[in-house]
Amino acid sequence: MKRRVAILISGRGSNMAALIEAAKAADFPAEIAVVVSNRSDAGGLAIASQSGVPTAIVESRPFGKDRAAFEAALQALLDQHKVELICLAGFMRLFTAEFVQHWYGRMLNIHPSLLPAFPGLEPQAQALRAGVKISGATVHFVIPQTDAGPIVMQGAVAVQDDDTPETLAARILTVEHRIYPDALRLLAGGQIRLDGDICKTIGSAGSGDALISPAVN
Ligand code: GAR
């Protein structure tokens, strides 16, 4: 049985689109049951509809600071669609600790840095300011702390001297689109386990390739 997944978005939804595409494969262990946006103007909603995935809007703004009330409405929708796993994909709304605890081990997020470096806003600009030579993206389980939690998968890219936040973001985004579907495949396929705060992968290891940056000729 495929695990039923909700993708939560707030914007353009390119990671959502990558997850929807991957889930079309017959052997993918998850199906996208619903895409939920907390903003009615999220560009990703149209992409999901065109792909034949059910969409829903739970506007967060009317709830103001009442996060629990927003989450009650969201949870009702997730129950209605019999959702088992959640993928946050550019979902720009913080959850209460209670909601996060309820979904612990079943809710993933993607962030465009090699966590724990550069959590929060504008991580690509943070990476450039720090002068790191390698950055990337991280898929992790969600915990109450923002952009933190057991790391499921990471992908790295070289940072170029002439990068702007935009060019680095674009390079990282191509990696995001590879690792998010792969991480969901691992979770939905029962191939990962949590050992305390550490996520371990059953029967798999890193690629073995080293990424060295800058390259010396
Ligand atoms: C992605 O780069 C994602 O990693 C980031 O927002 C973007 C959403 O793009 N998420 C965060 O920064 C979370 N802290 P998308 O809507 O095209 O997937």
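Predicted model only: the values in this text are computed from it and were never measured. (Residues numbered from 1 in each chain as written. Predicted model: local features only at pLDDT ≥ 70, side-chain atom pairs only at ≥ 80, totals over all residues. Heavy atoms only, no water.)

Caption draft 1: Spatial organisation of the site of the ligand. Taken together, R12, G13, S14, N15, G90, M92, I110, H111, P112, D147, L173 and E176 make up all the residues around the ligand. In this structure, D147 approaches the ligand through a side-chain N or O atom, which is 2.9 Å from a nitrogen atom. The separation between an oxygen atom of the ligand and a polar side-chain atom of E176 is 2.7 Å. Coverage of the ligand by the protein chains reaches 87% of its 450 Å² of free accessible surface. Looking at the shell around the ligand, the elements with two or more residues in it are helix 1 (14-22), strand 5 (107-111) and helix 6 (165-188). Tallied by class, residues from the shell around the ligand come to four nonpolar, five polar and three charged. (Near = heavy atom within 4 Å. Polar contact = N/O pair within 3.5 Å; in protein donor to acceptor, adjacent residues only side chain to side chain. Areas by Shrake-Rupley, 256 points an atom, 1.4 Å probe, with all protein chains shown as cover. Helix = DSSP H or I, 4+ residues; strand = E, 2+ residues; numbered from the N terminus. Nonpolar A, V, L, I, M, F, W, Y, C, P; charged D, E, K, R; others polar.)

Caption draft 2: Looking closely at helix 6. Taking 1.5 Å of rise per residue, the 24 residues of helix 6 would be expected to cover 34 Å, and the 33 Å separating its terminal C-alpha atoms lies within 8% of that figure. Backbone geometry just after helix 6 places G190 at a positive phi near 70°. (Expected span 1.5 Å × (residues − 1).)

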